[in-house]
Amino acid sequence: MGLQTKWLWLSFFLQVTLCGCFDLHISETLQAGTLVANLSLGPGWSYKIVRTLTPRYVSNFLKLGRNDGILTLSKKVPCARLQKNPAPLYFQITSLTSENFVLTHFNAYVHGQDCFIKYKRKNLTPDAFMSFGLEGWTSPCFTISDLLLDISKHVPVANRGFHSHHSVCLEKNVKPINKVSSGHDSGDICVHNKERRELDLFCNVRNSMNTEFFVRLKLRLRSKPKHGLFMDAAQEDLWTKRKKRNVNTAPQFQLPNYQVSVPENEPSGTRVITLKALDTDDGDAGKVDYDMEALFYSRSNDYFQINTETGSVTTLQPLDREVKDTHVFKVTATDSGVPKRSATAYLTITVSDTNDHSPVFEQSEYRVSIRENVEVGFEVMTIRATDGDAPSNANMVYKIVNEESLGGGFEIDPRNGLVKTTIRPDREIMSQYKLIVVANDQGRDPGPRSATATVHITVEDENDNYPQFTEKRYVVHVQENIPVNSQVALVKATDNDKGNNAKVHYSIISGNVRGQFYIHSPTGAIDVTSALDYETMREYTLRVKAQDGGRPPLINSTGLVVVQVVDVNDNAPMFVSTPFQASVLENVAIGYSVIHIQAIDGDSGSNAHLEYRLTDMQPGFPFTINNSTGWITVCVELDRETTEFYTFGVEARDHGVPVMSSSASVSVTVLDVNDNVPTFTQKVYSLKINEDAVVGTSVVTVMAIDRDVNSVVTYQISSGNTRNRFAIISQSGGGLISLALPLDYKQERQYVLTVTASDGTRQDTAQVFINVTDANTHRPVFQSANYQVLVSEDRPVGSTVVVISATDEDTGENSRITYVMEDNVPQFKIHPDTGAITTLTEIDYEDQASYTLAIIARDNGIPQKSDTTYVEIIVLDANDNAPQFVRDLYQGTVLEDAPVYTSVLQVSASDRDSGSNGRVSYTFQGGEDGDGDFFIEPYSGIIRTARKLDRENVPVYSLKAFAVDKGVPPLKAAVDVQISVQDINDNAPVFEKDELFIFVKENSPVGSTVARITATDPDEGTNSQILYQIVEGNVPEVFQLDIFSGDLIALTDLDYESKMEYVIVVQATSAPLVSRAIVHIRLLDINDNTPVLQNFEIIFNNYVTNKSNSFPLGVIGRVPAHDPDVSDKLLYTFVEGNELSLLLLDQATGELKLSRDLDNNRPLEATMQVSVTDGLHSISAQCTLRVTIISDAMLTSSITVRLENMSQERFLSPLLSLFARGVAAILSTGPDAVFIFNVQNDTDVAHAGATILNVTFSPCCPAALDTSSRPRSSRSACT
């Protein structure tokens, strides 16, 4: 219905509800060049983005076609760059033929895995502004339905689909003036005041799906005529076509794929997204119901639901990203038309992370041991915490929180959790460390979380402390009569180390010359092993060694023990001779020394201080004794006649406690004057005595003879009695020399005694040579009571370990020493003469780290005497054992998206060697570390990731690790480590090519599979499952793509002649990752069409002239046959009528030539039958040959008509006959009187792009011509 008005301007504002048709949904994964929307209003409009209203962070990613209104992506849209989601977009659409324009406002929703969309209800700000011209208004009233229909059709193509059902319009500030219902129009808008030039209207337009938008109309009057409400005359036919009602069309989603992100833990009922499928049908056919079905994970249906009417997707329960982070649905929109049509889209919901998981350490308590004195920076261990949240909420930072209370010592790398030493640990200062480590995930939503772990670090002892004696010098006083095996001293050394390193063993290394002391090795208690004799040795200085149990041991040899033997009164005085006899002349003076009483005491000090006294004295006793010197002197004048003979006793008494004494008898004869000298029978006596002769042994008897009568000869040793070893007594007239004290061969080997024989007044001397012979009186004594020697286990068999020696103070055979081992130790032997200890077999530190040999040194005296020493052989470890791994093969798994430094597994090896030889570190050096993808902690053996892994590149790593000891040279062992990388969905499907070409035979059965389109996904398992769909180009639906197999199914008949090629865009989805490919489906022609050939005419206009010979001898045209099957080859033949060969036909090409026989001035009309075949089908048609003779009169009366935008082909068929009839009608003649003899393209056209056809004709009838005198020319046309 036309509306007759003067010129009218129309302005209106457009407002739609939440998630209405003015929303754009864009996937983050779409590539540059992807079609986003079609904003076209048809031809005659230009398009641009209003950059003053559209934020730059959105407009930079979009490109709008200026002439076609196609909105595409200029590059991928990253969610991280969007300041708001959705983002506002403004477009201006301007008419090229008038001042009309449209300003629209869209909300652009960007979907992606990490995109967060904040839905909120829109305000009343207009989303569009339109301004149009209007004409043809003569009546004061027009219907609202026409107005609303025109408004709806001028919405951009991407947003059409609104209908005028249940819509209300009202004029500004007045009551509603019209209600438009479905199926009929009622009510007009009228302008009664001719002076009124504008009309303001507000319309609330609502369709059957309850979607609405708000319109404000401003009508301004102009007088310039137009042909419609909003359109130019050239658009009227198109407008009319748009108003035609189509059959039921399928709904259509804006996007084939939607991606949206929703936070986890949101309550049930949380809105996720509203999907909108547009259906341009009216009534029930345009009403859409929604349904969705979970793909891959059936339980996704328990988490989400879709409103069947609005398409709004909401949650059914709180989501947990750590349980399932991606849900994929197939969403179906089905209309209520007959038949029902549906559309499919795919919705990928990514559950975005909130920081709802605290970090979790691999262990709540870590325990590790380190050696003391390790270097600063020593890597103790790596502790690691994991967090089930996404990486943004699991960015771990480690910290030791009790570092100050520990006084330092350790630090932790805040990123990788590697604990290192900051000082050299000393176990003796601190043996245990307890680190409190906090891992903070640095999460932001809602805030950071942390966890705590305890690291117990035990400092293992190293033997770095020497034993220390508690005293620098131990001095003990021991009584000489102490019982054998009694403890005389206790030494003590302490070692600050621990365990065996602190166990101290003691030994006497010097000073124990007589072997009289023994030290208990574990306790340091010193016992006396044989009787002490102060008189023999008064002090012993023992050097004691303290040795710990470390490997190697540390020795302190500075211990000194001074054993001072305390004398006891254990020796009674002993007179040098007994009885004592003397004679004295009766005429000696008072004070005369009669005899020297002499006693000796083996003790010392007061114990050896003697006092003498006389006993058994009668009254008037003439003698007295000096109590200190023992000289008996005359104290009273003697009188032989009174008393001739005195017998009394003498006592020698010491000052010891208890007091000890001895007695002897003294006989003194008072003599007259004597004149004969006693004479020894021998002046020299020589004899031998064994040094072990017991005290009291008779040595020799000397004899002197006195010729005086009654003379009594007494004997005494006057000189040579060194150390008072001998005593002499008078016995049977002779002097018996006996052994008074023990002999010592080492001290004196010969004594020369001078013995005096006296009769009281006269005396004689003799010499006694006593040679002391050696006795086996000394046992061998080792130089050390304990030997310690170090020997490497790699010493060859027969090597000398140590040479020990003992000394014997005896001589001769008594001092010849033989060495033997007390117990047989098969690894060693000792040379009996030299004391050299050598190895008999190989020694192995790992079997036995030390040996203690008891070595006996025996002399060859009679009886044999011996000494025992202990040789401690400490075996030094040689690096003769390579490390050994606990397992032959280690296997582990790790996710390919595991963060760097993730712990995969731990290898462990041991080394039987000790110390640095047994200290093992781990390395990949010289092995295989996966091209640097892994590293191994050198001391813990933990294998960790060194960088991001890619299972699709390397699914399984075969590594080789080494355990290397610290020996010189180091030994190592290898072990194979197999690490399997577990897949995550990190690879989009990949088509073989970005552009695929498929060739399909036409007429393939409907429903048949015409091809299979497949993509590959390098992931595995469920991560490699692919969904296929057609996302572009399949309008109308010609093909269907099986969602799982990729089979391409024909839904309609495929006709090569109707369409040779289809171009569709297919998408492979492995949620949430997608890829696309352009597929060219090219139909292969089959011979299913008959050639097409209609009756045709050949018109030969022959102008005969004598001026030139212009008869056409070349090709004048071809038989106008064609075959819709382009692959067919046609064969042309004349069936009948051309027996005179007036036309020459090329059977392969169908080209025609005129026969030379037609070169005359006779008109002609001939009918012929032409057949055309493609080999399977054939057709025939009538060919009419007309030869017309053109006269000068006809040329003179000819008319040339210039036809614009016309070609020869269009004019000759089918317009030629129509043109002839039209001209004949104008000239009031018959069509046969119009002779068209020239149809030529005008070559003088000045303006580019124009096509002018010159048609020359004559209405005159042809006249008879004289063919002999007139020049000829010809024009011909073949239709």
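Keep in mind the model is a prediction, meaning the values are calculated, not measured.

Explain the sheet that holds strand S5 (residues 62-64) to me, using residue names and the numbers behind them.
Judged by pairing direction, the sheet is antiparallel, and its 3 strands sit side by side in the order S3-S6-S5 without closing on themselves. In the strand order of this sheet, the two ends are held by strand S3 (35-38) and S5, each with one partner. Averaged over all pairs of adjacent strands, the angle between strand axes in this sheet comes to 20°, irrespective of strand direction. Relative to strand S6 (residues 70-73), S3 runs antiparallel, the two sharing 3 bridges. Considered in S6, the bridge of Leu35 is made with Thr72.

Go over the nonpolar core with me, naming the residues and quoting the values.
One finds Leu71, Leu89 and Phe91 to be the most contacted residues of the largest nonpolar core, which totals 29 residues. Breaking this core down by element, the ones donating at least two residues are strand S2 (23-27), S3, strand S4 (45-49), helix H1 (56-59), S5, S6, strand S7 (87-95) and strand S8 (101-111). Discounting residues that sit within four places of it in the chain, Leu71 has contacts with Leu24, Thr34, Leu35, Val36, Ala37, Leu62, Lys63, Leu64 and Phe91.

Before we move on, could you go through the confidence of the model for the protein chain and cite the residues and values that matter?
When pLDDT is averaged across the protein chain, the result is 82; 85% of the residues are at 70 or more. For the protein chain, the element scoring lowest by mean pLDDT is strand S1 (residues 7-16), at 31; strand S21 (residues 304-306) scores highest, at 95. In this model residues 174-186 is a low-confidence stretch, pLDDT under 50, and it forms 26 contacts with partners more than four residues away in sequence or in other chains.

Summarise the packing of aromatic side chains; cite the residues concerned and give the values.
A complete count under the given rule lists 27 aromatic pairs for this structure. Judged by centre distance (4.7 Å) and plane angle (80°), the rings of Phe621 and Phe648 are edge-to-face. With Phe621 in the loop between strand S47 (611-615) and strand S48 (623-625) and Phe648 in strand S50 (residues 645-653), this pair connects stretches of sequence that are 27 residues apart. An identical accessibility class is assigned to Phe621 and Phe648; each is buried. An angle of 80° between the planes, with centres 4.8 Å apart, marks the rings of Phe934 and Tyr957 as edge-to-face. Separated by 23 residues along the polypeptide, Phe934 in strand S74 (residues 934-936) and Tyr957 in strand S76 (residues 956-965) bring together distant segments of the chain. Side by side, Phe934 and Tyr957 carry an identical accessibility label, which is buried. Clustering of aromatic rings is evident, with ring pairs tying together Phe621, Phe623, Tyr646 and Phe648. The aromatic ring of Tyr297 is capped on one face by Lys324, whose charged end is 4.8 Å from the ring centroid. The ring centre of Phe962 lies 4.4 Å from the NZ or CZ of Lys972, which sits over that ring.

So what's going on with the sheet that holds strand S70 (residues 889-895)? Residues and values would help.
With respect to topology, 4 strands assemble into an open sheet ordered S70-S77-S76-S73, the strand pairing being mixed. The open sheet has two edge strands, S70 and strand S73 (920-928), and neither has a second partner. Here the strands of the sheet are splayed against their neighbours by 35° on average, with no regard to which way each runs. Strand direction decides the pairing type here: S70 and strand S77 (residues 972-982), joined by 7 bridges, are parallel. Counted as the bridge partner of Leu889 is Asp976 from S77.

Would you mind going over a nonpolar patch on the surface in detail, with residue names and values included?
Residues Phe997, Phe999 and Leu1084 make up a contiguous nonpolar surface patch of about 290 Å² in total accessible area. Looking at the element boundaries, Phe999 is found in strand S79 (residues 995-1001).

Explain a negative patch on the surface residue by residue, including any values.
A cluster of acidic side chains, namely Glu403, Glu404, Glu411 and Asp413, defines a negative patch on the protein surface. The topology assignment puts Asp413 in the loop between strand S30 (410-412) and strand S31 (418-421). By relative accessible area, Asp413 is classed as partly exposed at 31%.

Here is what the cut-offs are and how they apply
Residues numbered from 1 in each chain as written. Predicted model: local features only at pLDDT ≥ 70, side-chain atom pairs only at ≥ 80, totals over all residues. Heavy atoms only, no water. Pairing = 2+ DSSP bridges. Helix = DSSP H or I, 4+ residues; strand = E, 2+ residues; numbered from the N terminus. Axes fitted to C-alpha atoms, helices over the stretch in contact; angles between N-to-C directions. Core = buried A, V, L, I, M, F, W, Y, C linked by side-chain atoms within 4.5 Å. Buried < 20%, exposed > 50% of the residue type's maximum accessible area, 1.4 Å probe, protein only. Contact = heavy atoms within 4.5 Å. pLDDT = per-residue confidence, 0-100. Phe/Tyr/Trp six-rings, centres within 6.5 Å; stacked < 30°, edge-to-face > 60°. Lys NZ or Arg CZ within 6 Å of the ring centre and 35° of its normal. Patch = residues over 30% accessible without salt bridge, like charges linked within 9 Å, V, L, I, M, F, W, Y side chains within 5 Å. Areas by Shrake-Rupley, 256 points an atom, 1.4 Å probe, with all protein chains shown as cover. Salt bridge = Lys/Arg side-chain N within 4 Å of Asp/Glu carboxyl O. Lys, Arg positive; Asp, Glu negative; His and termini not counted. Charge placed at Lys NZ, Arg CZ, Asp CG, Glu CD.

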